Amino acid sequence: MPLQALRTIAKPQNGVGAFILQCKRIDLHYCDWAGSSKGMNDFLRTTLPAFAKQNPSIELSVSPRPGRHPVVKGLYINGQHKSICVRNMEPAEILRKVELLTAASGERLRRERRPVKSTNESVRGVWDPFHGHNYKI
């Protein structure tokens, strides 16, 4: 019987080895005419070129939507998308919203029942109030 090595299958974990940014594209929709797009138009002229230089891995698409409020959409590698309406916002506020979409994972928000997620079991075992002392029951 030949000796066989144990096979280990590595689970891909984002951040271990290489980090893959979850946001793949950001769509910026604006209106040239409407007053609610004034901050978005300023953002596109002043702040967007610097943001695009800092984030070359994110595809940015800018498209006009006449007669509608400005919207920022983030599309993610898992197929999800998130939209944020940025009407009547200043360029600094819009930049914060775009950075929020960039940093998001694309997962739906859901209530966490357990505060800690771990793929590894605890090294120390399960804690019990009777450990370490000589209690008599």
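Residues numbered from 1 in each chain as written. Predicted model: local features only at pLDDT ≥ 70, side-chain atom pairs only at ≥ 80, totals over all residues. Heavy atoms only, no water.

So, the overall build of the chain
Rules: Helix numbers and strand numbers start at the N terminus; a helix is a DSSP run of H or I with at least 4 residues, a strand a run of E with at least 2. Categorising residues by exposure relies on relative accessible area from a 1.4 Å probe, with only protein chains included: less than 20% of the type maximum marks a residue as buried, more than 50% marks it as exposed, and the intermediate range marks it as partly exposed. Contacts were defined at the residue level, with two residues in contact if any of their heavy atoms lie within 4.5 Å. Per-residue and other accessible areas were derived by the Shrake-Rupley procedure at a 1.4 Å probe size, with only the shown protein chains allowed to occlude residues.
Scanning the chain from N- to C-terminus turns up three helices and four strands. In the chain, the order of α-helices and β-strands from amino to carboxyl end is β-α-α-β-β-β-α. Within the span of the chain, comprising 137 residues, buried residues form 26% of the whole. Within the chain, contacts between residues at least 6 apart in sequence are counted, and of these 68% link residues at least 24 apart. Carbon and sulfur atoms provide 54% of the accessible area of the chain, an area that totals close to 11500 Å².

Comments concerning the pattern of salt bridges
Should the charged atoms of two oppositely charged side chains come close, the side chains can pair. So the rule is basically this: Any Lys or Arg side-chain nitrogen located within 4 Å of an Asp or Glu carboxyl oxygen qualifies as a salt bridge.
Under the counting rule described, the total for this entry stands at two salt bridges. For Asp27, the salt bridge is made with Arg25, and the minimal N-O distance between the two is 3.1 Å. A salt bridge links Arg45 to Asp42; the shortest N-O distance between them is 3.1 Å. Here the residue Arg45 and the residue Asp42 both occupy positions in helix α1 (residues 38-46), the gap between them amounting to three residues, near one helical turn.

Points about the packing of α1 against helix α3 (residues 91-103)
We apply this condition: Axis angles are defined between N-to-C directions and span 0 to 180 degrees, where every axis is a line fitted to C-alpha atoms and, for a helix, only to the segment in contact. Angular relationships are summarised with four words: roughly parallel below 35 degrees, roughly antiparallel beyond 145, roughly perpendicular across 65 to 115, and oblique for the angles in between. Ten residue types, Ala, Val, Leu, Ile, Met, Phe, Trp, Tyr, Cys and Pro, are classed as nonpolar, four, Asp, Glu, Lys and Arg, as charged, and the remainder, Gly among them, as polar.
At a minimum axis distance of 8 Å, the contact between α1 and α3 shows a crossing angle of 75 degrees. With respect to their mutual orientation, α1 and α3 come out roughly perpendicular. Counted together, Gly39, Met40, Asp42 and Phe43 of α1 and Pro91, Ile94, Leu95 and Val98 of α3 form the full contact between these two elements. Classifying every residue of the contact of α1 with α3 by side-chain character gives six nonpolar, one polar and one charged.

A look at the sheet that holds strand β3 (residues 71-76)
The strands that make up a sheet pair up through hydrogen bonds in the backbone, lying either parallel or antiparallel. Rules: Any two strands with at least two DSSP-identified bridges between them are counted as paired.
The mixed open sheet is built from four strands, whose spatial order is β2-β1-β3-β4. Bordering the open sheet on either side are β2 (59-64) and β4 (81-85), each of which pairs with just one other strand. Geometrically, the sheet is characterised by an average inter-axis angle of 15 degrees between neighbouring strands, direction not taken into account. Two strands pair when backbone bridges link them, and strand β1 (residues 23-30) and β2 are joined in this way by six bridges, in the parallel orientation. Looking at the pairing, Tyr30 lines up with Pro64 of β2. Against the sheet, α1 engages β1, β2 and β3, with an angle of about 125 degrees to β1.

Overview of the nonpolar core
Counted only if it meets this: Joining through side-chain atoms within 4.5 Å is the link that ties buried Ala, Val, Leu, Ile, Met, Phe, Trp, Tyr and Cys residues into a set, and such a set is a nonpolar core.
One finds Leu28, Met40, Phe43, Val72 and Val98 to be the most contacted residues of the largest nonpolar core, which totals 19 residues. Of all the secondary structure elements, the ones that give two or more residues to this core are β1, α1, α2 (48-54), β3 and α3. Of the residues forming this core, the biggest block, four residues, is contributed by β1. When sequence neighbours within four positions are dropped, the list of residues in contact with Val98 reads Ile26, Leu28, Phe43, Phe51 and Val72.

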